[in-house]
Amino acid sequence: MSEERDFRLVVNVLGWAAMAFLVFPVIVTLLVSFNGSFFIEFPPSSYSLEWYRNIANINKIGEATLISLLIATIAATLVTVMALGTAMAIVRYDFAGKAALTSFLLSPVAVPIVAIGIALVQFFIRLDIAFTWYSLVIGHMVLVAAYPVRTIVASMTLYNPNIEEAASSLGANRWVVFWTVTLPQLKPGIISGFLFAFLISFDNYPISIFLVRGGLTTMPIELFNYISQNFDPTPAAFSTLYILIISLVIMFVEKRYQVISLSVGR
Amino acid sequence: MARLDLSDLCFSVGALDILRSVNLTVEEGTCLALLGPSGCGKTTTLRCIAGFVQPTSGSISFNGQPVVGVPAHKRNVGLVFQDYALFPHMTVAENVAYGLKRRSVPAAECKQRVAEALELVQLDTLADRLPRQMSGGQQQRVSLARALVIRPNVLLLDEPLGALDRKLRDQMQVELKRIQRDSGITTIIVTHDQEEALSLSDRVAVMFDGQIQEVGTPTTLYREPGSRAVMEFLGASNILDGTAVSAEQDGSHIKIRDSHTLKVSDALESGRDVQLGIRPEQFLVETESPVGRENSIAATISEVVYKGPHVELYVETEQGLRLLAQRRIRGIAAQDTFVIGQSVFLTVEPDAILVFGR
Ligand SMILES: Nc1ncnc2c1ncn2[C@@H]1O[C@H](COP(=O)(O)OP(=O)(O)OP(=O)(O)O)[C@@H](O)[C@H]1O
Ligand SMILES: [Mg+2]
């Protein structure tokens, strides 16, 4: 029995350590954002909402956030639709190069992002579309393409293909089967894949930095520009709002679509 | 409802012949049990009928209308899978309504028919549940209701009771039989369980290695199987090699290896090599020597296995012939207690011995 207790102890300690590791920076950011003084200090000696008011003074922040939202939405949508096809091909069919494609898309190999950024910008200059919306969207699609494939493949492997045959024996043609059975079944994978892609695109800095110029700019870039010229806690205020909104969205999506059950099974 | 004909149905994957000339007819409104060892091609046969795979050659017809080439969703076939294959994101009522929606049945009629179907399988009170909130037996009945509600030409059941425990299985067997009889839908039920096949169906087809070996009513197939393989497949049996030694008016004598001579009711010419098949329950087991009776074999019990309603006796004769006998247990009487090493006498009626050519 004492092994059991020791084992639990270790699991608990590791679990709490991981939690602390994830949550601690968020708490620091939160506290700093309410700091009363001009300089970042921790713990704060006085409190104010001044830095929240000052968010508006970050150069082009409204415009840049809107662009980031649009780019993330477009890139995540396109990539998720493509991933649906890719995931079906990987799970259901045999084709030349399947093994290579699968390991490329599904293995947790870290993509050297800066290298990809450089490659992309050269490629786009060749195509004469560098520093345009096209290049930014395509660049972000390259960045996030693998995530929805992974989540959709995961939800497909949990799912019983017999239900599609059942549907077709009940009179549904190929399209109707897809709309009424396949798609609803893959919904958790599709939504969490979309979310992954969206979030990774939304706050990406290293790819964007190669692809923006002039009026075309994104939220992380402007935020970083501000940080490099100012030392006040305004970015902390911005980040706190950002984390809050994202957490609410994720909580809502989880509640509504049970995305967590993707990995836990239903 | 339709008569189903399979003729010369073949299906191969690459060089592998999975179905080799399946010929089968299921008369309108009857239930056929398809029985056979694992991997013999039962599921593949159903998948051909349902239209999920195209046969390499041969024909399938419903009421004489060929359906090969007709896509699955236009065949109007009801299917029940072993794992039920219910739509997990739909309620019981939505599952059952699925096929009606695809047929654009008006809402009021759809509701009415779903209610009727659920009543038929006694699930009318659970219409709003999701499949995951139901037991295996209940899910199985939803799956049956979903298949029946479209009034299919044929109903195909692939080991529908395979995942249920013994008791629920017996209960569902009775229910399934009632539903099939009441609805009068032409049905094929695949099963591994010979008892289930014998009790559920009007006719039984035994399949070996991609071919139908024999078709018949449950009684004829069990009592008078046409081959040794079918006999062995349909329950425990004793198979003995022998040679006909003398022919008589009312049968002939068969010499079993170098031990006993058994009388059978078939007329066989002398010298013919045959195989005899005897069901274990056809042996009369006695502890006293039955003087002057035919076909009596003295043996010693080597193993006793209690099986609830009967006891199985593994016996061996002095000449080394091993036999399996069965004896019903009535009452709690002490004389039914057999022990290893005990001497017994097995007697079998000549007409209870089946003769197969060798
Ligand atoms: N698509 C396929 N490709 C290759 N082989 C297949 C395919 N489908 C079936 N088989 C093979 O065909 C044979 C018959 O399969 P089938 O599923 O019809 O058997 P079954 O009688 O239903 O068996 P069980 O009782 O175990 O369900 C098996 O040997 C199986 O491995
Ligand atoms: Mg099978």
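Residues numbered from 1 in each chain as written. Chains lettered and ligands numbered in written order. Predicted model: local features only at pLDDT ≥ 70, side-chain atom pairs only at ≥ 80, totals over all residues. Heavy atoms only, no water.

Trainee: In this structure, what is going on with the overall build of chain B? I would like to understand it.
Mentor: Counting its regular elements, chain B contains eight helices and 20 strands. For chain B, the spread of C-alpha atoms along the principal axes amounts to about 75 × 50 × 35 Å. Looking at chain B as a whole, 51% of its 358 residues qualify as buried. Of the contacts formed within chain B by residues at least 6 apart in sequence, a portion of 65% connects residues at least 24 apart. (Helix = DSSP H or I, 4+ residues; strand = E, 2+ residues; numbered from the N terminus. Buried < 20%, exposed > 50% of the residue type's maximum accessible area, 1.4 Å probe, protein only. Contact = heavy atoms within 4.5 Å.)

Trainee: What is the right way to look at the pairing of strand β17 (residues 310-316) of chain B in this model?
Mentor: Residues and elements named next belong to chain B. Burial analysis of β17 places five of its seven residues in the buried class, the great majority of the element. Pairing analysis gives six bridges linking strand β16 (residues 296-306) to β17, with the strands arranged antiparallel. Paired with V305 across the two strands is E312, which belongs to β17. Where β16 hands over to β17, the hairpin turn is made up of three residues, of which G308 adopts a positive phi near 80°. Between β17 and strand β18 (residues 322-328), which pair antiparallel in sequence order, lie five residues; one of them, G320, sits at a positive phi of approximately 90°. (Pairing = 2+ DSSP bridges.)

Trainee: Whenever I open this one, the interface of chain A and chain B confuses me. Can you help?
Mentor: Where the parts come together, the accessible area they lose is often given as the size of the interface. Contacts between chain A and chain B engage 19 residues on the former and 21 residues on the latter. For the chain A face of the interface with chain B, the top three residues by lost area are E165(A), S169(A) and L170(A), together amounting to 37%. Across the chain A-chain B interface, the total number found is one salt bridge. Elements that contribute at least two residues to the side of chain A that touches chain B include exactly α8 (162-169) and α9 (174-202) of chain A. Top element by residues in the side of chain A that touches chain B is α8(A). It accounts for seven residues. (Buried area = accessible area lost by both parts, 1.4 Å probe. Salt bridge = Lys/Arg side-chain N within 4 Å of Asp/Glu carboxyl O.)

Trainee: Looking at this structure, I do not really get the pairing of strand β10 (residues 211-216) of chain B. What am I missing?
Mentor: Looking along a regular strand, one sees side chains alternate from face to face of the sheet. Residue and element names in this part refer to chain B. Of the strand pairs in this sheet, strand β9 (residues 203-208) and β10 are connected by five bridges, and their pairing is antiparallel. Its bridge partner lying in β10, A205 is registered against V215. The turn linking β9 back onto β10 is made up of two residues, and D209 within it adopts a positive phi angle of 50°.

Trainee: Any chance you could explain the nonpolar core here in plain terms?
Mentor: Side chains that are nonpolar tend, in soluble globular proteins, to be buried together. Residues L4(B), I49(B), F62(B), F87(B), L144(B), L156(B) and I188(B) are the most contacted members of the largest nonpolar core, which totals 88 residues. Those residues in contact with L144(B) that lie beyond four places of it in its chain are V80(B), V121(B), L155(B), L157(B), L176(B) and I179(B). In terms of nonpolar packing, the next biggest core, distinct from the first, is built from 35 residues, V121(A), F124(A), M141(A) and F198(A) among them. (Core = buried A, V, L, I, M, F, W, Y, C linked by side-chain atoms within 4.5 Å.)

Trainee: In this structure, what is going on with the packing of aromatic side chains? I would like to understand it.
Mentor: The geometry of two aromatic rings is summed up by the distance between their centres and the angle between their planes. All names here are of chain A. Inspection of every chain in the model, using the stated rule, returns 10 aromatic pairs over all chains. For the ring pair Y147 and F196, a centre distance of 5.9 Å and an interplane angle of 20° mean the geometry is stacked. In this pair, Y147 sits in helix α7 (residues 146-157) while F196 sits in helix α9, placing the two residues 49 residues apart along the sequence. A residue is classified by how much of its surface remains accessible, and Y147, at 27% relative accessible area, is partly exposed. On the basis of an interplanar angle of 80° and a centroid distance of 6.0 Å, the ring pair of F178 and W179 is categorised as edge-to-face. A relative accessible area of 17% places F178 in the buried class. With relative accessibility at 58%, the residue W179 sits in the exposed group. Within the aromatic cluster, the residues linked to one another by ring pairs are F194, F198, F202 and Y242. Here R150 stacks its cationic end above the ring of Y147, 5.4 Å away from the centre of that ring. The ring of F131 carries R213 above its face, with NZ or CZ at 3.9 Å from the centroid. (Phe/Tyr/Trp six-rings, centres within 6.5 Å; stacked < 30°, edge-to-face > 60°. Lys NZ or Arg CZ within 6 Å of the ring centre and 35° of its normal.)

Trainee: Whenever I open this one, the domain arrangement of chain B confuses me. Can you help?
Mentor: Residues and elements named next belong to chain B. Annotation of chain B at the domain level lists domain 1 (4-233) and domain 2 (238-357). Centre-to-centre separation of domain 1 and domain 2, based on C-alpha positions: 39 Å. The partner domain 2 presents eight residues to the nine residues of domain 1 that form the contact. Between domain 1 and domain 2, a total of about 800 Å² is buried, with carbon and sulfur atoms accounting for 61% of that surface. The tally of links between domain 1 and domain 2 comes to zero salt bridges. Listing elements by their share of the side of domain 1 that touches domain 2, those giving two or more residues are α7 (218-223) and α8 (228-233). If you tally residues by element for the side of domain 1 that touches domain 2, the top one is α8, at three residues. (Domains from an automatic or database assignment.)

Trainee: Where do I start with the site of ligand 1 in this structure?
Mentor: Residue and element names in this part refer to chain B. Close to ligand 1 lie V13, I18, S38, G39, C40, G41, K42, T43, T44, E159 and H192. At a separation of 3.0 Å, an oxygen atom of ligand 1 approaches a polar side-chain atom of H192. Top element by residues in the shell around ligand 1 is helix α1 (residues 42-50). It accounts for three residues. A class-by-class count of the residues in the shell around ligand 1 yields three nonpolar, six polar and two charged. (Near = heavy atom within 4 Å. Polar contact = N/O pair within 3.5 Å; in protein donor to acceptor, adjacent residues only side chain to side chain. Nonpolar A, V, L, I, M, F, W, Y, C, P; charged D, E, K, R; others polar.)

Trainee: Before we go on, may I ask you to explain the environment of V206(B) in this structure?
Mentor: All names here are of chain B. With respect to the secondary-structure elements, V206 resides in strand β9. Residue classification places V206 among the buried residues on the basis of a relative accessible area of 0%. Look past the residues within four positions of V206 in its chain and what remains in contact with it is L35, Q211, I212, Q213, E214, L221, V230 and F233.

Trainee: Hey, could you run me through the confidence of the model for chain B in this one?
Mentor: Caution applies to low-pLDDT regions: their predicted coordinates should not be interpreted in detail. Residues at a pLDDT of 70 or more form 98% of chain B, whose mean pLDDT is 89. Interface predicted TM-score (ipTM) for the complex: 0.82; the corresponding pTM is 0.82. (pLDDT = per-residue confidence, 0-100.)

Trainee: Just to check I follow, could you spell out the sheet that holds β16(B) for this structure?
Mentor: What links the strands of a sheet is backbone hydrogen bonding, and the strands pair in either a parallel or an antiparallel sense. Residues and elements named next belong to chain B. In spatial order, the strands read β15-β19-β16-β17-β18; together these five strands make up an open sheet with antiparallel pairing. Lying at the two open borders of the sheet, with one neighbouring strand each, are β15 (284-286) and β18. Going from strand to strand, the sheet's axes swing by 45° on average, the running direction of each strand aside. Bridge count between β17 and β18: seven bridges; the pairing is antiparallel. Paired with V311 across the bridge in β18 is R327. (Axes fitted to C-alpha atoms, helices over the stretch in contact; angles between N-to-C directions.)

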